[in-house]
Amino acid sequence: MKKDGRMNSIKDKVFANTRISAQDALFLFESDDIIALGEMANCRLKNSVKEPREVYYSYNININPTNICRLRCKLCAFSKSPGDDGAYSQTAGEIVSRVKKALKANPGEHIEAHIVGGLDPAYDISFYENLLRSLKSLSDKITIQAFTAVEIDYLSKLDKISVDEVLKTLKQAGLDAMPGGGAEIFNDEIRSVICEKKIKSGEWLGIMKKAHGHGIPTNATMLYGHVENDSDRVRHLELLRELQDETSGFKSFVPLAFHDKNAMVKKKRYTSGFDDLKVLAVSRIFLDNFSNVKALHNMLGLKFAQATLFFGANDLGGTSFDERIVKAAGACQAAEVSEADLIRLIEGAQKIPVLTDSTYSLKIKRSS
Ligand code: SF4
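Cut-offs applied
- Residues numbered from 1 in each chain as written.
- Predicted model: local features only at pLDDT ≥ 70, side-chain atom pairs only at ≥ 80, totals over all residues.
- Buried ≥ 20, exposed ≤ 12 C-beta atoms within 10 Å, placed from the backbone.
- Helix = DSSP H or I, 4+ residues; strand = E, 2+ residues; numbered from the N terminus.
- Right-handed = clockwise from strand over helix to strand, strands pointing away.
- Pairing = 2+ DSSP bridges.
- Axes fitted to C-alpha atoms, helices over the stretch in contact; angles between N-to-C directions.
- Contact = placed C-beta atoms within 7 Å.
- Parallel < 35°, antiparallel > 145°, perpendicular 65-115°, else oblique.
- Left-handed = near helix turned anticlockwise from the far one by under 90°.
- Nonpolar A, V, L, I, M, F, W, Y, C, P; charged D, E, K, R; others polar.
- Near = placed C-beta within 6 Å.

**Quick word on the pairing of strand β3 (residues 111-115)**
Here β3 lies mainly inside the structure; five of its five residues are buried. Between strand β2 (residues 60-63) and its parallel partner β3, the chain crosses via helix α4 (residues 92-105), and the hand of that crossover is right-handed. Summarising the sheet, β3 and strand β4 (residues 142-146) pair through five bridges and their orientation is parallel. If you follow His114 over to β4, its bridge partner there is Gln145. Handedness of the crossover joining β3 and β4 through helix α5 (residues 125-138) is recorded here as right-handed.

**Overview of the sheet that holds β4**
Hydrogen bonding along the main chain pairs the strands of a sheet, whether they run parallel or antiparallel. Read from one edge of the open sheet, three strands run β2-β3-β4, paired in parallel fashion. Edge positions in the sheet fall to β2 and β4, since each of these pairs with one other strand and no more. With strand direction ignored, the average angle separating the axes of adjacent strands in the sheet is 20 degrees. Note: β2 against β3, four bridges, orientation parallel. Residue pairing in the sheet places Ile61 in a bridge with Ala113 of β3. Across the sheet, α4 is in contact with β2 and β3; its angle to β2 comes to roughly 165 degrees.

**A look at the packing of helix α9 (residues 201-213) against helix α10 (residues 230-247)**
Running from amino to carboxyl end, α9 crosses α10 at an angle of 20 degrees, the nearest separation of the two axes being 11 Å. In terms of orientation, α9 and α10 fall into the roughly parallel class. For the pair α9 and α10, the crossing hand works out as right-handed. Here Leu205, Met208, Lys209 and His212 of α9 come into contact with α10, specifically with Leu239, Leu243 and Thr247. By residue class, the composition of the contact of α9 with α10 is four nonpolar, two polar and one charged.

**Some words on the sheet that holds strand β1 (residues 54-58)**
Read from one edge of the open sheet, four strands run β8-β1-β9-β10, paired in mixed fashion. With partners counted over all chains shown, the strands left at the sheet margins are β8 (315-318) and β10 (364-365), one partner each. Where β1 lies against β8, two bridges are found, and the strand directions are parallel. Bridge pairing in β8 places Ser58 opposite Gly318. Taken strand by strand, helix α15 (residues 339-348) contacts β1, β8 and β9 (352-355), and its axis lies near 145 degrees from that of β9.

**Brief notes about the site of the ligand**
For the ligand, the full set of nearby residues is Cys69, Leu71, Arg72, Cys73, Cys76, Phe78, Ser79, Gly118, Leu119, Val150, Cys195 and Lys198. Classifying every residue of the shell around the ligand gives eight nonpolar, two polar and two charged.

Structure, rendered in structure tokens:
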């Protein structure tokens, strides 16, 4: 089939709200017709959510308890070994007092505590169980999104208990949702280059499946722009779509462009704005069973994040108070932004700002 004919047949599928194949997704990744991609992504967005004009954001505080990590993945700019310059470890008391301060500064506000950190034996299941209970006792307006699948696997091995037991314990202590980190790219040959000690693709998917089975909603991510190719991206999306068909447990898909500052893996090329829009749009078109696609403003920059709202994104992430991991990797805009800035940005795109949390059960419309 000629190029135009192939594009038109994919458009027909999307406009009829039917599924596209992996080969279709590969064709879209190879296409330069960014306007057609935006048009199809918008159409898919309209068919995936009740209110396509609503754009979500959260008021969040980032908690990275320690940057000491036993894995020292080559892709990671955040981790340190014990004794390294810049290695830090926060106590539960320090973390709780930071959250208390945030609550005091924003009385009555819904706050999401986003907790992810390095893998260090000092931070075992009892540490996190107590931390989650302490944070939950501060306010009934705190949502806790914490622990990547990699951390869940580590806690299971460290504490010599099953993954199910880890998930059950953390959920009982107050875990509301899990982030989607650690997925990287589902190609184990590439994982052996960029994060050789990290759990394999199948293990990541297996832990997410178990989390969904425990009623813990999660995000899914894809790290792109390192050594992967378009086929790897498509396979990654395909495995996510298959698991979502089974569990419906993913709340949001979050594509993450790789930043190589301070990381041992170097990029073969930087992602361009064109690449970033393409990944968002193709993901939205292919992942027809995901409601939300998140474009993180702190990685993409505020103005660019606004443009992604026309390429499939309907969530801009959080206010990102004190984010360390993205900052360490040298993202283009790692500073926190105010809620007012996000509201103005969303309204500027003629969309409706809605404050939410990682479960998307909280939905409060806001305006400037
Ligand atoms: S990416 Fe995660 S697991 Fe890997 S070194 Fe960094 S903190 Fe540790």
